[in-house]
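Each chain is listed here by its residues.
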Amino acid sequence: MNVVLVGFRGSGKSTVGRLLGVRLNREFIDCDDFIEKRTQLSIREIFERHGESHFRTLESEAIAEISKLDGKVIATGGGAVLKYQNMQVFKRAGAVVFFLKVSPEAAYERIQGDPASRTRRPALSDKDPFTEIREQIELRAPYYLQAADVVVPADGRGAAEVVEEIARHLAGGGHEERETAPIA
Ligand code: S3P
């Protein structure tokens, strides 16, 4: 059973995923890393040279491949939920999907402060950054909710706190980790 993290840019998927991997003793896989390694291009370069739709194809191919693995913690890119098929392949393989829910204000602050944004987060529209974030979060909200088995609020919380909440769900939710010691 894989643990899959979905959520908008800046929701903390990569940081939480890395820590959760350590916490659960599972390998962590970041879909964007996987794509960059495969193509030897940054996400921004893929967008610039080949366009967003080509990136989405690469993303779906990466997800199809990663979902064949088992026992991993997987962080998806913020737009992976837009294709129904991406979430289906995870779910068909029995993954549990956690949605890290973030407000536009918190996402904006984190994106601005994250040096990875330069290579990882090309513009998704011609709007100013905050408007783009607000509109995209609104547009994607139903997709995140449909994908989610569990919604985890991420605003104003450190990654460690989010990790503990996810671990608690997994321990108590009839999933694989049930047999591990309960978390106080
Ligand atoms: C995207 C989010 C990015 C990356 C790409 C597209 C999006 O991932 O996959 O820039 O459409 O929101 P993060 O959510 O890890 O920033």
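Refer to the structure presented above.
### Thoughts on the overall build of the protein chain
Item 1. If you tally the helices and strands in the protein chain, you get nine helices and five strands.
Item 2. Counting from the amino terminus, helix and strand elements in the protein chain follow one another as β-α-β-α-α-α-β-α-β-α-α-α-β-α.
Item 3. For the protein chain, whose C-alpha radius of gyration is 16 Å, the value lies close to the compact-globule estimate of 16 Å for 184 residues.
Item 4. Oriented by its inertia axes, the alpha-carbon framework of the protein chain measures out at about 50 × 35 × 30 Å.
Item 5. Every one of the 184 residues in the protein chain was classed for burial, and the buried ones make up 49%.
Item 6. In the protein chain, once contacts between residues fewer than 6 apart in sequence are set aside, the share between residues at least 24 apart is 74%.
Item 7. Side chains of the protein chain carry 26 positive and 28 negative charges; the gap between the two charge centres is 2 Å.

### Some remarks on helix H1 (residues 13-24)
Item 1. In this model H1 runs 16 Å from its N-terminal to its C-terminal C-alpha over twelve residues, within 8% of the 16 Å that 1.5 Å per residue would give.
Item 2. Within H1, burial applies to Lys13, Val16, Gly17, Leu20, Gly21 and Leu24. Relative to the axis of H1, the buried residues are bounded by an arc of 140 degrees and lie together on one face.
Item 3. As for H1, its buried residues are in contact with strand E1 (3-6), strand E2 (28-30), strand E3 (73-75), strand E4 (96-101) and helix H9 (159-172).

### Considerations on the site of the ligand
Item 1. Around the ligand, the surrounding shell holds 14 residues, and the nearest of these are Lys13, Arg56, Arg120, Arg121 and Arg140.
Item 2. Residue Asp32 places a side-chain N or O atom 2.9 Å away from an oxygen atom belonging to the ligand.
Item 3. A total of 390 Å² of accessible area belongs to the ligand in isolation, and the protein chains cover 97% of it.

### A short note on the side chain of Glu36
Item 1. Looking at where Glu36 falls in the secondary structure, it is placed in helix H2 (residues 31-39).
Item 2. A polar contact is formed between the side chain of Glu36 and the side chain of Arg120, at a distance of 2.9 Å.

### A word on the packing of aromatic side chains
Item 1. Evaluated as defined, the whole model comprises three aromatic pairs.
Item 2. Their ring planes at 15 degrees and their centres at 5.0 Å tell us that Phe99 and Tyr144 sit as a pair that is stacked. Highlighted residues: Phe99 in strand E4 and Tyr144 in helix H8 (residues 129-147), separated in sequence by 45 residues. Of the two residues examined, Phe99 and Tyr144, each falls in the buried class.
Item 3. Between Tyr108 and Phe130 the ring centres are 5.6 Å apart and the planes differ by 85 degrees, which places this aromatic pair in the edge-to-face class. With Tyr108 in helix H6 (residues 104-113) and Phe130 in helix H8, this residue pair connects regions lying 22 residues apart in the sequence.

### Some thoughts on the nonpolar core
Item 1. Ranked by size, the top nonpolar core spans 34 residues in total, and within it Val6 and Phe8 carry the most contacts.
Item 2. Contributing elements (two or more residues each) for this core: E1, H2, helix H3 (43-50), helix H4 (52-66), helix H5 (84-92), E4, H6 and H8.
Item 3. Ranked by residues supplied to this core, first place goes to H4 with five residues.
Item 4. Ignoring anything within four residues of it in the chain, the contact list for Val6 reads Lys13, Thr76, Val81, Met87, Val97, Phe98, Phe99, Leu100 and Tyr144.
Item 5. Grouped together as the second largest cluster of nonpolar side chains are 20 residues, Leu5, Leu20, Ala75 and Phe98 included.

### Section: the pattern of salt bridges
Item 1. Going through the model one piece at a time under the given rule, you end up with 14 salt bridges.
Item 2. Of the charged contacts, one joins Glu164 and Arg23 as a salt bridge, the two residues approaching to 2.9 Å between their closest N and O atoms. Of this pair, Glu164 sits in helix H9 while Arg23 sits in helix H1, and the two are 141 residues apart along the sequence.
Item 3. Judged by relative accessible area, Arg23 falls into the partly exposed class, the value being 34%.
Item 4. The residue Arg157 makes a salt bridge to Glu161 at a minimum N-O spacing of 3.1 Å.
Item 5. You can call Arg157 buried: its relative accessible area is 19%.
Item 6. One salt-bridge network, held together by shared partners, links Asp30, Asp33, Glu36 and Arg120.

What counts, and at which threshold
Residues numbered from 1 in each chain as written. Predicted model: local features only at pLDDT ≥ 70, side-chain atom pairs only at ≥ 80, totals over all residues. Heavy atoms only, no water. Helix = DSSP H or I, 4+ residues; strand = E, 2+ residues; numbered from the N terminus. Rg over C-alpha atoms; globule rule 2.2 N^0.38 Å. Buried < 20%, exposed > 50% of the residue type's maximum accessible area, 1.4 Å probe, protein only. Contact = heavy atoms within 4.5 Å. Lys, Arg positive; Asp, Glu negative; His and termini not counted. Charge placed at Lys NZ, Arg CZ, Asp CG, Glu CD. Expected span 1.5 Å × (residues − 1). Arc of directions from axis to C-beta. Near = heavy atom within 4 Å. Polar contact = N/O pair within 3.5 Å; in protein donor to acceptor, adjacent residues only side chain to side chain. Areas by Shrake-Rupley, 256 points an atom, 1.4 Å probe, with all protein chains shown as cover. Phe/Tyr/Trp six-rings, centres within 6.5 Å; stacked < 30°, edge-to-face > 60°. Core = buried A, V, L, I, M, F, W, Y, C linked by side-chain atoms within 4.5 Å. Salt bridge = Lys/Arg side-chain N within 4 Å of Asp/Glu carboxyl O.

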